[in-house]
Amino acid sequence: MTAPPGNRAPATPPLAGGPTGATALRPLLDTVLDALTTGAEARHGPLPAGGPTAVTARVHAALGDAGVLPAHGTGAHEALRTLVHTLAAGAADPADPLCAAHLHCPPLAVAAAADLAASALNPSLDSWDQAPAASAVEALLTRTLAAEFYATPHADALVTTGGTEANQLAVLLARERHGPALTVLHGANAHHSIPRAAWLLGLPPATELPTPTGVLDPARLAEALATTPGPTLVTATAGTTDAGLIDPIHRIADLCDRYGADLHIDAAYGGLLALSPRHRDKLAGLDRAHSLTVDLHKLGWQPVAAGLLAVPDTSLLAPLAHQADYLNATDDTEAGLPDLLGRSLRTTRRPDALKIATTLRALGRDGLAALIDRTIDTAHHLARLLDAHPGFELHTPPTITTVLFRPTHADDDHLATLRRTLLHQGRAVLGRTHADGRLWLKATLLNPHTTAGDLDQLISLLEGSTHR
């Protein structure tokens, strides 16, 4: 049907895939890259100044009355230029050395470039006919990484959206092994997703054990195991979110063996230390766990999302098997088409394995280990600077890359205000946590490009702020 005169239908926009997809993308990428540059220049630091109200006002001003759904489109270049510039100008940029609050890494350029290809081709890993090569890449990647943690013939891993999903899957698999009376024991230092998973899965409320020293105390765990009836899942942590601490894994595993409990280790933060010859000994005993959570969007420098749940044998994943005739018909599976539905609780699923595999191939084991080692060295350098400075108190030397410290004469209220002031000014992004009954500033260093000069700048900035 032909559109009436004066009401010509808009041209059909180009696609990202297909033989002409790259041609359509190339000029758009120039616009995106320019907007990323101008946005970062407009931000002037790790965070936009002014706080939430000012940032929201700038976003609304940039989009104007048309907003995000105008009656008539503005065109691809204008939309990209406006929104990408606005996003970059208002970003908390983890590539800035003074953006160091959370386990929020700056992604490597090679990983982001690979992620573009994943978006352009848009494989969905819920059936082989939507993702032929992507499913093969994922299978190779998961087996390769699982073998880094388990020296077993059939170690395997699932790609997840991160630690929360991986922890939930671990608790689900334990419930399927042991039934709905399963008790989850975890330290107070555990990630919040552990007790939440027990709630989500209809299990008895998880039992939290105090961790006054920051790690799970084997003596307290032994008492809990001795008095907990029925099947039990113990969850330990290799890299706490608050301080980067690692639970005493071998001693915990010994207790689990003694009392017949399953062990899950949340190594979302610290798991990739296994790739570093200098630091892998910190994870001794990791292979004794029934399941492991590992995140590559922390010390793996991947764009979100890039998580793993690793297990020593692929048979442990059998409870996730699921059949939907339009995706994994029995006769298709018997004929040799891979069944992908049991690889996740999600149906539509991005090929996050591509960016991970590309990064590992590009850097190699030695390249990734060098990044890990350099980042840990930087954290120790910051800790030494703070420990030697009369104006600051260091909590303890870092275990991984998290440094806890506080101005010497500040109370908790002043400390909280100082952090918010730095955020409001857009000058530094630092975290906060409680330890030993006090509030501490938290610098989580995940940027391998951070220099000694950047750390000096951070300390100088804090010196000036604490004197105001």
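Residues numbered from 1 in each chain as written. Predicted model: local features only at pLDDT ≥ 70, side-chain atom pairs only at ≥ 80, totals over all residues. Heavy atoms only, no water.

### Digging into the overall build of the protein
Rules: Numbering goes from the N terminus for both helices and strands, where a helix is a DSSP run of H or I of at least four residues and a strand is a run of E of at least two. For this measure, only C-alpha atoms enter the radius of gyration; the expected value for a globule follows 2.2 Å times N^0.38, where N is the number of residues. Any pair of residues with heavy atoms lying within 4.5 Å of one another is described as a contacting pair. Per-residue and other accessible areas follow the Shrake-Rupley method at a 1.4 Å probe size, with only the shown protein chains counted as cover for residues.
When you go through the protein residue by residue, the secondary structure sums to 14 helices and 12 strands. In terms of overall size, the protein behaves like a compact globule, its C-alpha atoms giving a radius of gyration of 24 Å where 468 residues would be expected to give roughly 23 Å. With the C-alpha coordinates of the protein rotated into their principal frame, the extents come out at 80 × 70 × 40 Å. Within the protein, contacts between residues separated by at least 24 positions form 72% of all contacts whose residues are at least 6 apart in sequence. If you sum the accessible surface of the protein, you get close to 22,200 Å²; carbon and sulfur atoms cover 58% of it.

### Focus: the environment of D413
As a reminder, the rule being used: To sort residues, take the accessible area from a 1.4 Å probe on protein chains only and compare it with the maximum for the residue type: under 20% means buried, over 50% means exposed, and anything in between is partly exposed.
Checked against the element boundaries, D413 lands in helix 13 (residues 412-425). Assessed through its relative accessible area of 61%, D413 is described here as exposed. On a C-alpha basis, the gap between D413 and L225 in space is 39 Å, while along the polypeptide they are 188 residues apart.

### Some words on the sheet that holds strand 9 (residues 392-394)
We count it as follows: Paired strands, in this sense, are two strands between which DSSP finds at least two bridges. Each axis is a line fitted through C-alpha atoms, and for a helix only the stretch in contact is used; angles between axes span 0 to 180 degrees, taken between their N-to-C directions.
Overall, mixed pairing links the five strands, which are arranged 1-11-12-10-9 in an open sheet. Only two strands of the sheet have a single neighbouring strand rather than two, namely strand 1 (99-100) and strand 9. Here strand 9 pairs with strand 10 (residues 402-407) via three bridges, running antiparallel. Bridge pairing links E393 to R406 in strand 10. Contacts between helix 12 (residues 353-388) and the sheet are confined to strand 9, strand 10 and strand 12 (438-444), with strand 10 contributing the most and set at about 20 degrees to the helix. Sitting on the sheet, helix 13 is in contact with strand 10, strand 11 (429-435) and strand 12, with an inclination near 30 degrees to strand 12.

### Thoughts on the side chain of D454
Put simply, the test is: All tallies of charge rest on Lys and Arg as positive and Asp and Glu as negative; His and the ends of each chain are not included. The term salt bridge refers to a pairing of a side-chain nitrogen on Lys or Arg with a carboxyl oxygen on Asp or Glu at a separation within 4 Å.
Summarising the element assignment, D454 is placed in helix 14 (residues 452-466). Buried charge D454 goes without a salt bridge, the closest partner of opposite sign being R374 at 12 Å. What D454 contacts, discounting residues up to four positions off in sequence, is P97, L98 and H449.

### Describing unusual backbone geometry
Excluding glycine, a negative phi dihedral is what most residues carry, and trans is how most peptide bonds are arranged. Between V304 and A305 the backbone carries a cis peptide bond, its omega angle lying at 10 degrees. Of note in the backbone geometry, H44 takes a positive phi value of approximately 60 degrees without being a glycine. As for its placement among the helices and strands, H44 is situated in the loop between helix 1 (21-43) and helix 2 (51-63). You can call H44 exposed: its relative accessible area is 70%. Phi at D436 takes a positive value of approximately 55 degrees, unusual for a residue other than glycine. As for its position among the elements, D436 is in the loop between strand 11 and strand 12. For D436, a relative accessible area of 60% puts it in the exposed group.

### Thoughts on the packing of aromatic side chains
Formally: Stacked, tilted and edge-to-face are the three classes assigned to paired rings of Phe, Tyr and Trp, where Trp is represented by its six-membered ring and a pair needs centres within 6.5 Å; plane angles under 30 degrees give stacked, over 60 edge-to-face, the rest tilted. In this scheme, the term charge over a ring applies when either NZ of a lysine or CZ of an arginine sits within 6 Å of the ring centre and within 35 degrees of the ring normal.
Counted according to the given criterion, the structure contains one aromatic pair. With a centroid separation of 6.1 Å and 70 degrees between ring planes, the pair formed by F392 and F405 is classed as edge-to-face. You can see F392 sitting in strand 9 and its partner F405 sitting in strand 10, a full 13 residues away along the chain. F392 gets classed as buried once you look at its relative accessible area, which sits at 6%. Just above the ring of W440 sits the side chain of R406; from NZ or CZ to the centre is 5.7 Å.

### Focus on the packing of helix 1 against helix 3 (residues 76-89)
Short version of the rule: For classification purposes, an angle smaller than 35 degrees is called roughly parallel, one larger than 145 roughly antiparallel, one from 65 to 115 roughly perpendicular, and anything else oblique. We call a crossing left-handed when the near helix sits turned anticlockwise from the far one by less than a right angle, and right-handed when that turn is clockwise.
One can describe the packing of helix 1 onto helix 3 by two numbers: an axis separation of 7 Å at closest approach and a directional angle of 30 degrees. One finds that helix 1 runs roughly parallel with respect to helix 3. Viewed along their axes, helix 1 and helix 3 form a crossing whose handedness is right-handed. In contact with P27, L28, T31, V32, A35, L36, T38, G39, A40, A42 and R43 of helix 1, helix 3 contributes A76, H77, L80, R81, V84, H85, A88 and A89.

### Examining the pairing of strand 10
Most of strand 10 is tucked away, with six of its six residues classed as buried. Alternating residues of strand 10 divide into T402, L404 and R406 and V403, F405 and P407, and every residue in both groups is buried.

### Observations concerning the packing of helix 5 (residues 132-149) against helix 12
Packing of helix 5 against helix 12 leaves a shortest axis separation of 9 Å and a crossing angle of 55 degrees. Viewed along their axes, helix 5 and helix 12 adopt a mutual orientation that is oblique. Where helix 5 crosses over helix 12, the two elements pack in a sense that is left-handed. For the pair formed by helix 5 and helix 12, the contact residues are V137, E138, L141, L145 and E148 on the first element and A353, I356, A357, L360 and R365 on the second.

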